[in-house]
Amino acid sequence: MPLTMTSRIRNAYDIRVEEGVIAPDPQQLELLAALERLEADLSKKGLFGRPPEVKGIYIWGPPGRGKSMLMDLFYSATPEQKKVRAHFHAFMARIHDLVKQWRDGDGRTRKAVFGTAHSSKKGGDDPIPPIAALIASEARLLCFDELQVTDIADAMILGRLFEALFEKKVVLAVTSNRAPEDLYKNGINRQLFLPFIDILRERCEVVETAGARDFRLDRMAGAKVWFSPLDDAARSGFETLWSDLRGGEPEEPVALPVLGRQVRVQRTVGAMARATFNELCGSPLGPQDYLAIARRFHTLFLSDVPTLSPANHHEARRLVTLIDALYEARTRLVVLAEAEPESLYAEGVGAFEFERTVSRLNEMRSASWLEQRGDDDEAEEAAVHA
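Every value quoted in this text rests on a predicted model; they were computed, and no experiment measured them. (Residues numbered from 1 in each chain as written. Predicted model: local features only at pLDDT ≥ 70, side-chain atom pairs only at ≥ 80, totals over all residues. Heavy atoms only, no water.)

Those residues of helix H8 (residues 194–203) not exposed but buried are Phe196, Ile197, Ile199, Leu200 and Arg203. For H8, the angular spread of buried residues about the axis comes to 160°, placing them on one side. What points out from H8, more than 90 degrees from its buried face, is the exposed set Asp198 and Glu202. In this structure, the buried side of H8 is in contact with strand E1 (56–60), helix H7 (152–167), strand E4 (171–176) and strand E5 (204–208). (Buried < 20%, exposed > 50% of the residue type's maximum accessible area, 1.4 Å probe, protein only. Helix = DSSP H or I, 4+ residues; strand = E, 2+ residues; numbered from the N terminus. Arc of directions from axis to C-beta. Contact = heavy atoms within 4.5 Å.)

This part covers the environment of Leu70. Residue position: Leu70 is located in helix H3 (residues 67–77). Residue classification places Leu70 among the buried positions, given a relative accessible area of 0%. Along the chain, Leu70 and Thr175 lie 105 residues apart, while their C-alpha atoms are 9.8 Å from each other. Leaving out residues up to four positions away in the same chain, Leu70 has contacts with Ile9, Tyr13, Gln28, Leu31, Leu32 and Leu35.

A few words on the packing of aromatic side chains. As enumerated under the stated definition, the model contains 13 aromatic pairs in all. When the ring of Phe193 is compared with that of Phe196, the centres are 5.4 Å apart and the planes differ by 55°; the resulting orientation is tilted. Given the relative accessible area of 0%, Phe193 is considered buried. Residue Phe196 is classed as buried on the basis of its relative accessible area of 1%. (Phe/Tyr/Trp six-rings, centres within 6.5 Å; stacked < 30°, edge-to-face > 60°.)

Bringing the nonpolar core into the picture now. By size, the foremost hydrophobic cluster in this structure holds 54 residues, and its most contacted members are Leu280, Leu319, Leu322, Leu326, Leu333 and Leu344. For Leu280, the contacting residues outside a window of four places in its chain are Ala275, Leu285, Tyr290, Ile293, Leu300, Leu302 and Leu322. Ranked by size, the runner-up nonpolar core spans 41 residues in total, among them Tyr58, Ile135, Leu172 and Ala179. (Core = buried A, V, L, I, M, F, W, Y, C linked by side-chain atoms within 4.5 Å.)

For the pair helix H13 (residues 313–328) and helix H14 (residues 351–364), the least separation of the axes is 10 Å and the interaxial angle reads 45°. By the angle between their axes, H13 is oblique relative to H14. Classified by chirality, the crossing of H14 by H13 is left-handed. Together, Ala316, Leu319, Val320, Ile323, Asp324, Leu326, Tyr327 and Glu328 of H13 and Phe354, Arg356, Thr357, Arg360, Leu361, Glu363 and Met364 of H14 make up the contact between the two elements. Along the lines of polarity and charge, the residues of the contact of H13 with H14 split into nine nonpolar, one polar and five charged. (Axes fitted to C-alpha atoms, helices over the stretch in contact; angles between N-to-C directions. Parallel < 35°, antiparallel > 145°, perpendicular 65-115°, else oblique. Left-handed = near helix turned anticlockwise from the far one by under 90°. Nonpolar A, V, L, I, M, F, W, Y, C, P; charged D, E, K, R; others polar.)

Moving on to the sheet that holds E5. Taken together, the five strands give an open sheet; going across it, the order is E2-E3-E4-E1-E5, and neighbouring strands pair in parallel fashion. Looking along the sheet, the strands with just one partner apiece sit at the ends: strand E2 (83–87) and E5. Going from strand to strand, the sheet's axes swing by 10° on average, the running direction of each strand aside. Lying on the sheet, H8 is in contact with E1, E4 and E5; it crosses E5 at an angle near 90°. (Pairing = 2+ DSSP bridges.)

Within the element layout of this structure, Thr357 appears in helix H14. Other than its neighbours up to four places away in sequence, Thr357 contacts Val320 and Ile323.

With that settled, consider the packing of H7 against H8. Look at H7 against H8: their axes get within 8 Å of each other, and the N-to-C directions meet at 30°. By the angle class used here, H7 and H8 are roughly parallel. The interaxial crossing formed by H7 with H8 has left-handed handedness. The residues of H8 that touch H7, namely those facing Leu158, Gly159, Phe162, Glu163 and Phe166, are Phe196, Ile199 and Arg203. Counted by class, the contact of H7 with H8 contains five nonpolar, one polar and two charged residues.

Moving on, we come to the pattern of salt bridges. The final tally for this structure, using the stated rule, is 22 salt bridges. The partner of Arg37 in a salt bridge is Glu205, and the shortest N-O contact between them spans 2.8 Å. Taken together, the residues Arg37 in helix H2 (residues 26–43) and Glu205 in strand E5 connect sequence positions 168 residues apart. Its relative accessible area of 23% is what places Arg37 among the partly exposed residues. A residue is classified by how much of its surface remains accessible, and Glu205, at 29% relative accessible area, is partly exposed. Asp324 is the salt-bridge partner of Arg360, the closest N and O atoms lying 2.9 Å from each other. You can see Arg360 sitting in helix H14 and its partner Asp324 sitting in helix H13, a full 36 residues away along the chain. Judged by relative accessible area, Arg360 falls into the buried class, the value being 14%. Classification of Asp324 as buried rests on a relative accessible area of 15%. (Salt bridge = Lys/Arg side-chain N within 4 Å of Asp/Glu carboxyl O.)

What follows deals with the pairing of strand E10 (residues 299–305). Within E10, six of the seven residues are buried, which leaves the element mostly enclosed by the surrounding structure. In terms of strand pairing, E10 meets strand E11 (residues 332–337) through five bridges, oriented parallel. Of the residues in E11, the one forming a bridge with Phe301 is Val334. For the crossover that starts at E10, traverses H13 and ends in the parallel E11, the hand is right-handed. (Right-handed = clockwise from strand over helix to strand, strands pointing away.)

These figures come from the coordinates and say nothing about function on their own.
Here's what the structure looks like:
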C-alpha cells in the first residue's frame, strides 16, 4: 500500500540529494521504498498496545552501492526508540562474552547482568534464552552493517539466537555483501548453519542492490592515492579524498576477531577503513591480523607513513606483511607518506626484500589497480575456511 505522506527516511534522502551529498540512483530508490515499508510497519500499533510482528529487511549487494549510507539514514530517521546499530562482528563479540559470563557466573553475577540466575529453558542451563531476553530488553530494532559469517563459533550460535530474538518480536535490518544462501559458504559443519538462513528469509524481506558500479570506484578513478611528503598540501588532499568517499556517513570503530582476540580499527565507514602507520605497523600485529583487515575492508587509508631506518626494521617488516595481505586481497590503498615508495626503507634488515613491497605499492596506485573490481567472493570465502 503506498504511503500517504512522505516518510522520514525519504525526507532525509531528498535533503542529501538537494545538498549534493549523494546522487539519485534507481537502485537506491528501490531500496528506499523497502525501507519506507519497514519504517511504516514499525510505527503500527498492535492489539492491546503490544508491538506487532514486523518483517525486517536484509539488504545485500557489492560494496559501494550505498547500503550503509541508506541504513544510517534509516536508523537516524526511524522513530523507534528502542534501537541499536552495530557492526555485526562487534555484536557477535558481545554475544560470546555474554555466553561466557552466563557460564562462568554465579547466581549473583547472573542476576546482575541478566536479571535472572536461571535459564527459562527447562531441563538445562542454556545461555541463549537469557541472552535473547537481555538483547530484546535493550532493542526492538537491531541494525547491522556488513553481516559476514566466517567464524564457526558464530555460525553455530546464530540460528538459535535469532530464533529466540524473533520470538520476542525483535526486528532485524541488516546489510551484507552476500545473499543469505551464500553466507558461511564452504564453512565447517555448514549444515548446522542452514536453519539460520531459513530464519532470515522467513523473517526478513530480502532486497538486492546491484547497480552498475561501485560509486567509490567512480570517485577514485583518476584520483591521486599516494600523497607525499607530509606537508599541508598532501594532508589536505588525503583528507579531502577520505571525506569525499565517506560521503557524510559516520565513522565508527570495528573490532575484528583474530585467533581468540580482537584487532580494533578505530575509524571505519562501511567497508572502508582508516588507520595510522603507528596503529598498524608500530604495534605487534602479525599476518593473521593484517589478513583479517584485508578481508573486511575493500579500501584502506593509511596515514603518516614515515621514512624508515635500520632502527625501524621491525616496523618495516610489518609494513611488508601488511602490503602483502592487502595486495593478495585486491584491497585498494590510499597513502599519506613522508616519501615516495622507493625512499621509504632504503637500508636495513630486509631492505632487499622491501623492493618487492615498493613494486606492489606502485602497482596499487595505478589506474588499472584502482579500476579492478577486486571482489572474488568465492575465492575469499574458500581462503577463510581453508
